[in-house]
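Spelled out from the first residue to the last, the chains are:
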Amino acid sequence: MLTDAEIAIDMRAADVRVLPGGPTRMWTYGGTFPGPTIRRPAGEQTRVTFHHRLPRSAGELTVHLHGGHNSAADDGQPGGLTASQPRSAYCDISDRLPASESGNDLLIAPGGKRTYTYDLVEDGAPERASFQWYHDHRLERTARNMWRGLAGMFIIDDELDGSLPLPRGSRDIPLMIAERSFDRENRLTDPFVATAHAPNDGVTGHRVLVNGVHLPHRHVSATRHRLRILNASNFRAYNLQLGNGVDMIQIATESGLMPRPVR
């Protein structure tokens, strides 16, 4: 978990242990899938520098903090047409737009880097405590790039959340749910070659992963735990329940705490 005000993260290919057997080659933030979880206090400026160390074939990248209240320049604009992406299949984009109008001046080219400034402020006050996430946001490449591994979690804490008798430390567990498909050598399949095209790109995988692992488990004490649940699948929705039938209590959404808990 990263907690500093100044953070640097490489976007690079890495061999990740997902299934039993050999590793899976993925595009990653910092060499892991999911990428490192960032956790910061509300209202305290956070600067994250992303270095593009993926192959040139990945093209330009951009990073969007999903749920954040950020300036346009720091919001992960998708950009427009470039030499590595000279046409758009579903958006009517002119190839004569200057970089400042298309958003291309905000993209991260292979070998380049960009620093995003997150003030963690909304309407002049610190943001509410919330569970956000960051991911690639490139024009018509978002689904593909996330499928290959470019996603990570971001937690914002505030004084109200900290004052409540909620589970903390090892009992506060962020969980990213995402599904992927693999071949017999544990390599990611590529559903975007022939079958997955916007606007009907309902990509689903054959194996559901939690924090990048298939069928994970964790030994826990017999007490309440706070599960921060993120659905980072491209298309699939989930119904979640505890195996022993015990009720789950929802206390928040991605926007922060709800007015009251819901059983």
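Source: prediction; values computed, not measured.

Asker: So, the overall build of the protein: which residues are in play, and what are the values?
Answerer: A count of helical and extended segments in the protein gives three helices and 16 strands. Whereas a compact globule of 263 residues would reach a radius of gyration of roughly 18 Å, the protein reaches 19 Å, a difference of no more than 12%. Projected onto its principal axes, the C-alpha positions of the protein cover 60 × 50 × 30 Å. Buried residues in the protein amount to 41% of all 263 residues.

Asker: Could you give an account of the side chain of Thr117, with specific residues and numbers?
Answerer: On the secondary structure map, Thr117 appears in strand 6 (residues 113-118). Of note is the side chain of Thr117, whose polar atom sits 3.4 Å from the side chain of Arg47.

Asker: Please give an account of the nonpolar core that cites residues and values.
Answerer: Counting residues in each nonpolar core, the largest one holds 22 residues, and the members touching the most others are Ile9, Met11, Tyr29, Phe50, Val63, Tyr118 and Tyr134. Listed by contribution, the elements that provide at least two residues to this core are strand 1 (6-16), strand 2 (24-29), strand 4 (46-52), strand 5 (63-66), strand 6 and strand 10 (151-157). Residue contributions to this core peak at three residues, all from strand 1.

Asker: Any chance you could break down the pairing of strand 11 (residues 172-180) for me, citing the residues and the numbers?
Answerer: The element strand 11 is largely enclosed, with a buried count of eight among its nine residues. Across six bridges, the pairing between strand 11 and strand 14 (residues 226-231) is parallel. In the strand pairing of strand 14, Met176 is matched with Leu230. Relative to strand 12 (residues 207-210), strand 11 runs antiparallel, the two being bridged by four bridges. The partner of Ala178 across the bridge, within strand 12, is Leu209.

Asker: Give me the lowdown on the pattern of salt bridges, citing residues and values where you can.
Answerer: If you walk through the whole model with that rule in mind, you get 16 salt bridges. Ionic pairing is found between Asp183 and Arg187, a salt bridge with its closest N-O pair at 2.7 Å. Measuring nitrogen to oxygen at the nearest pair gives 3.6 Å for the salt bridge that ties Arg263 to Asp247. On the criterion of sequence distance, the pair formed by Arg263 in the segment after strand 16 (256-262) and Asp247 in the loop between strand 14 and strand 15 (250-253) is long-range, its members being 16 residues apart. The class for Arg263 is exposed, based on a relative accessible area of 69%.

Asker: Lay out the sheet that holds strand 14 with the relevant residues and their values.
Answerer: With mixed pairing, the four strands of this open sheet are ordered in space as 13-12-11-14. Each end of this open sheet is capped by a strand with a single partner; those strands are strand 13 (213-214) and strand 14.

Asker: I'd like a description of a nonpolar patch on the surface, backed by residues and values.
Answerer: There is a patch of nonpolar side chains on the surface, built from Leu227, Ile229, Leu240, Leu242, Val246 and Met248 and spanning about 450 Å² of accessible area. In this structure Leu227 comes out as partly exposed when scored by relative accessible area, which is 36%.

Asker: Quick rundown of the pairing of strand 9 (residues 130-136)? Include the residues and the values.
Answerer: Counting buried positions along strand 9 gives seven out of seven residues, so the element sits mostly inside the fold. Note: strand 5 against strand 9, four bridges, orientation antiparallel. From the neighbouring strand, Val63 faces strand 9, where its bridge partner is Asp136. Where strand 9 meets strand 10, six bridges bridge the pair, whose relative direction is antiparallel. Looking at the pairing, Phe131 lines up with Ile155 of strand 10.

Parameters at a glance
Residues numbered from 1 in each chain as written. Predicted model: local features only at pLDDT ≥ 70, side-chain atom pairs only at ≥ 80, totals over all residues. Heavy atoms only, no water. Helix = DSSP H or I, 4+ residues; strand = E, 2+ residues; numbered from the N terminus. Rg over C-alpha atoms; globule rule 2.2 N^0.38 Å. Buried < 20%, exposed > 50% of the residue type's maximum accessible area, 1.4 Å probe, protein only. Polar contact = N/O pair within 3.5 Å; in protein donor to acceptor, adjacent residues only side chain to side chain. Core = buried A, V, L, I, M, F, W, Y, C linked by side-chain atoms within 4.5 Å. Pairing = 2+ DSSP bridges. Salt bridge = Lys/Arg side-chain N within 4 Å of Asp/Glu carboxyl O. Patch = residues over 30% accessible without salt bridge, like charges linked within 9 Å, V, L, I, M, F, W, Y side chains within 5 Å. Areas by Shrake-Rupley, 256 points an atom, 1.4 Å probe, with all protein chains shown as cover.

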